[in-house]
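Topology and contacts: notes
These are the residues of each chain, in order.
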Amino acid sequence: MRLQQLRQILLQNLTKLNISTDGIGGFVHLANLNEFRTAIDELDKLNLFYKQTSAIKESGVYKRFDDSLMVDSQDWQKVRPVIAELYSVVEKFIEALNIHPNDEANTIAIKLPQVNDFDDLIVVFNELKKAIAIPITNEEIGGTVKIEGVDNGSIWFYVALGTPTAVALIASLAWAAAVVYKKLQEGRAFSEYVKNLKLKNEQTELM
């Protein structure tokens, strides 16, 4: 599934998560539940929000078939925070997937780090050139680099790479870099742990 398609599904279902409520004594009247259940089913299929959707599907709000219900206020308060959490998470996904509207098959989105001046920007561009342009210009890859556009807010560049092979190569390199960075962080944490352990041992010996 393309990212643009995913974003569209999330947008279509976000508003359906808003259940109309009206408090009456110790009960709460819920409406528009059919649309709500449809949204839960659609979001559940994406396998992105399992924690929230599975909890909601266990509740009476989902299991009943009526479009409107009267439920005990205490029961509603149990499921309400989960629905609110799901709404918030979906909203954040939509924001993160605010990708180029003319998203093409071989186009990737790159979020630039914080830059303070043109010197910073030049450094970032040079690093991107080494990380992207150089690997994919190999004859077997057949890639090209064309900047398709830039978004406002956080600086996002949309770069067409020419071929699916080029996109796959960059994705593999990005994944490998993430794995290496994680290992480096783990190594640093372990080194710090050993250092602290050594200091504790030395303090114990001095006592």
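Looking now at the nonpolar core. Ranked by internal contacts, the top residues of the largest apolar core, which has 27 residues, are I56 and W76. Among the secondary structure elements, those contributing two or more residues to this core are α1 (3-14), β2 (27-31), α2 (33-45), α4 (60-63), β3 (69-72) and α5 (73-96). Here W76 is in contact with I19, T21, V28, L30, V61, V71 and I83, once residues within four sequence places are set aside. In this structure, I108, V115, I141 and V159 belong to the second largest nonpolar core, which totals 13 residues.

Our focus in this paragraph is the pattern of salt bridges. Tallied over the full model, the rule gives seven salt bridges. Taking the shortest distance from any N to any O, the salt bridge between K45 and E42 comes out at 3.4 Å. Pair noted here: K45 and E42 are both in helix α2, with a separation of three residues, about one helical turn. Since its relative accessible area comes to 59%, K45 is described here as exposed. Residue classification places E42 among the partly exposed positions, given a relative accessible area of 30%. The partner of D44 in a salt bridge is K57, and the shortest N-O contact between them spans 3.1 Å. Residue D44 is located in helix α2, and its partner K57 is located in helix α3 (residues 50-57); the two are separated by 13 residues in the primary sequence.

Let us look at the sheet that holds β2. On the basis of which strands lie adjacent, the open sheet formed by three strands has the order β1-β2-β3 and antiparallel pairing. Of all the strands in the sheet, just β1 (20-24) and β3 have a single pairing partner and so form its edges. Taken over all neighbouring pairs, the strand axes of this sheet differ in orientation by 30° on average, direction set aside. Strand direction decides the pairing type here: β1 and β2, joined by five bridges, are antiparallel. When the sheet's bridge partners are listed, G23 is paired in β2 with V28. On the sheet, α5 packs against β1, β2 and β3 and is oriented at approximately 90° with respect to β3.

A separate point is the packing of aromatic side chains. Per the counting criterion, the structure on display carries one aromatic pair. With 5.1 Å between their ring centres and 75° between their planes, F49 and F93 make a pair best called edge-to-face. With a gap of 44 residues between them, F49 in the loop between α2 and α3 and F93 in helix α5 connect regions that are remote in the sequence.

What follows concerns the confidence of the model for the chain. Chain-level statistics for the chain give a pLDDT mean of 82 and a share of 89% at 70 or above. Of all helices and strands in the chain, the one with the weakest mean pLDDT is strand β5 (residues 146-151) (76), whereas α2 scores best (94).

So, how was this worked out
- Residues numbered from 1 in each chain as written.
- Predicted model: local features only at pLDDT ≥ 70, side-chain atom pairs only at ≥ 80, totals over all residues.
- Heavy atoms only, no water.
- Core = buried A, V, L, I, M, F, W, Y, C linked by side-chain atoms within 4.5 Å.
- Buried < 20%, exposed > 50% of the residue type's maximum accessible area, 1.4 Å probe, protein only.
- Helix = DSSP H or I, 4+ residues; strand = E, 2+ residues; numbered from the N terminus.
- Contact = heavy atoms within 4.5 Å.
- Salt bridge = Lys/Arg side-chain N within 4 Å of Asp/Glu carboxyl O.
- Pairing = 2+ DSSP bridges.
- Axes fitted to C-alpha atoms, helices over the stretch in contact; angles between N-to-C directions.
- Phe/Tyr/Trp six-rings, centres within 6.5 Å; stacked < 30°, edge-to-face > 60°.
- pLDDT = per-residue confidence, 0-100.

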